[in-house]
Amino acid sequence: MFDPLDTALTRLLGCRYPIVQTAMGWVATPPLVIATSEAGAFGFLAAGVMTPAEVRDGIAAVRKGTAKPFGINFHMFQPGAAEIVEIIIQNADQVRAVSFGRGPDAKMIARFKDAGIICMPTVGAVKHAQKMVQLGVDAVTVQGGEGGGHTGSVASTILLPQVLDAVKVPVVAAGGFGDGRGLAAALAFGAVGIAMGTRFLMTQESAPPAHIKARYVKAGTDDIVVSTKVDGLPQRMIRNKLLDRIEAEHGLGIWKRGMESGLAMKKQSGASFGDLFKAAQGMRSHGGLTIAQAMTAAAAPMMIQKAVVEGDADNGLMATGLVAGRLTDLPTCQELIQSIMSEARERIAALTGATVVSGAA
Ligand SMILES: Cc1cc2nc3c(=O)[nH]c(=O)nc-3n(C[C@H](O)[C@H](O)[C@H](O)COP(=O)(O)O)c2cc1C
């Protein structure tokens, strides 16, 4: 029997449901990836803020918690990137996919594909999607402007059909999704599934402390803003004391904060100044940033870490998608995925006149 929820994505990733938990630095740690993958969706481990040793340990922890396939997110400009690529390839029997924004070249993509690993970058613009397809990726996740973390200005309702028209590979919809209505809508557009960050941050198994998750629950859409002041690129966050301070900063203040974040990152990751400078240079050549902005960009995750790991809601940054403004609960991954699947089935049945088979999530 035809099942509209059994898509090219579930076949590509080897998961049961067309739902992806995207990578979020400090948030998508092994417990979230395990819970997601065990519940039938597909989880990405956020390795973009990890050292090679942490990536090795993180992968081992996920493997211990689930036998299901999962993914790794990283970027080529992070310290230790070459070693991280080797670690991923050594685990190709269970690491089914890699995701990246600033990313590998055609040669690296071919290496992953030779190892049987699906390359599924996240893109925020049509030309970026086309470039990635030219480089040989298997699928793209397209993130509309509603999305969390770094984000563009074009909404999912516009960007998704644009990308679907522009590329031939399977397209996953991201940016603003949080429930089964969104999944049904994404499939109606022609996507093969949805990818969600914020909705998975707002679950029981994600890493942030409870009082930080409570801030996400409390935030309304008016409390969520996009700032370009953190690292020169638009980034969506919950408004708080630190963000207000950053918004009021000028020239020297940006440099000072860049150096402070750089020092904190150096301490945490063991990276040398040379490594940080290399990461900053890579981001600069990619994003057209000044070196001060690029240095801050390379170290910006430390400011997110201060909130989502250390629990400092005033002096750290709470990256979020706009969808947090309408979410009011913190379900387990199992509850979340089951409710998305049954709601999607109900919506599709209502539109097509099909009967929903109870328990068929
Ligand atoms: C707290 C937070 C941290 C994030 N960290 C990363 C990251 O480390 N790497 C990355 O590629 N994307 C990162 N993102 C973006 C997400 O992976 C995803 O693309 C985005 O959240 C999708 O939009 P949504 O939040 O509306 O679901 C982050 C998003 C959030 C909310």
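This text goes with the structure placed above it.
So, how was this worked out
- Residues numbered from 1 in each chain as written.
- Predicted model: local features only at pLDDT ≥ 70, side-chain atom pairs only at ≥ 80, totals over all residues.
- Heavy atoms only, no water.
- Helix = DSSP H or I, 4+ residues; strand = E, 2+ residues; numbered from the N terminus.
- Contact = heavy atoms within 4.5 Å.
- Areas by Shrake-Rupley, 256 points an atom, 1.4 Å probe, with all protein chains shown as cover.
- Pairing = 2+ DSSP bridges.
- Near = heavy atom within 4 Å.
- Polar contact = N/O pair within 3.5 Å; in protein donor to acceptor, adjacent residues only side chain to side chain.
- Nonpolar A, V, L, I, M, F, W, Y, C, P; charged D, E, K, R; others polar.

*Asks:* Hey, could you run me through the overall build of the chain in this one?
*Replies:* Check the secondary structure of the chain and you find 16 helices and 13 strands. If you take every contact in the chain between residues at least 6 apart in sequence, the share linking residues at least 24 apart comes to 63%. Carbon together with sulfur atoms contributes 56% to the accessible area of the chain, which is approximately 15100 Å² in total.

*Asks:* Hey, could you run me through the sheet that holds strand β10 (residues 194-196) in this one?
*Replies:* Taken in spatial order, the 9 strands line up as β5-β4-β3-β2-β1-β10-β9-β7-β6 in an open sheet, and their pairing is parallel. Strands with a single pairing partner mark the edges of an open sheet, and in this sheet they are β5 (118-119) and β6 (122-123). Where strand β9 (residues 171-174) lies against β10, 2 bridges are found, and the strand directions are parallel. Bridge pairing in β10 links Ala-173 to Ile-194.

*Asks:* Could you clarify how one ought to interpret the site of the ligand in this entry?
*Replies:* By nearness alone, 18 residues border the ligand, and Ala-23, Gln-143, Gly-176, Gly-197 and Thr-198 come closest of all. Thr-22 places a side-chain nitrogen or oxygen 2.9 Å from an oxygen atom of the ligand. With respect to the ligand, the side chain of Asn-73 contributes an N or O atom lying 3.4 Å from an oxygen atom. Within the complex, 86% of the 610 Å² of free accessible area of the ligand lies under protein. The class makeup of the residues in the shell around the ligand is 5 nonpolar, 13 polar and no charged.

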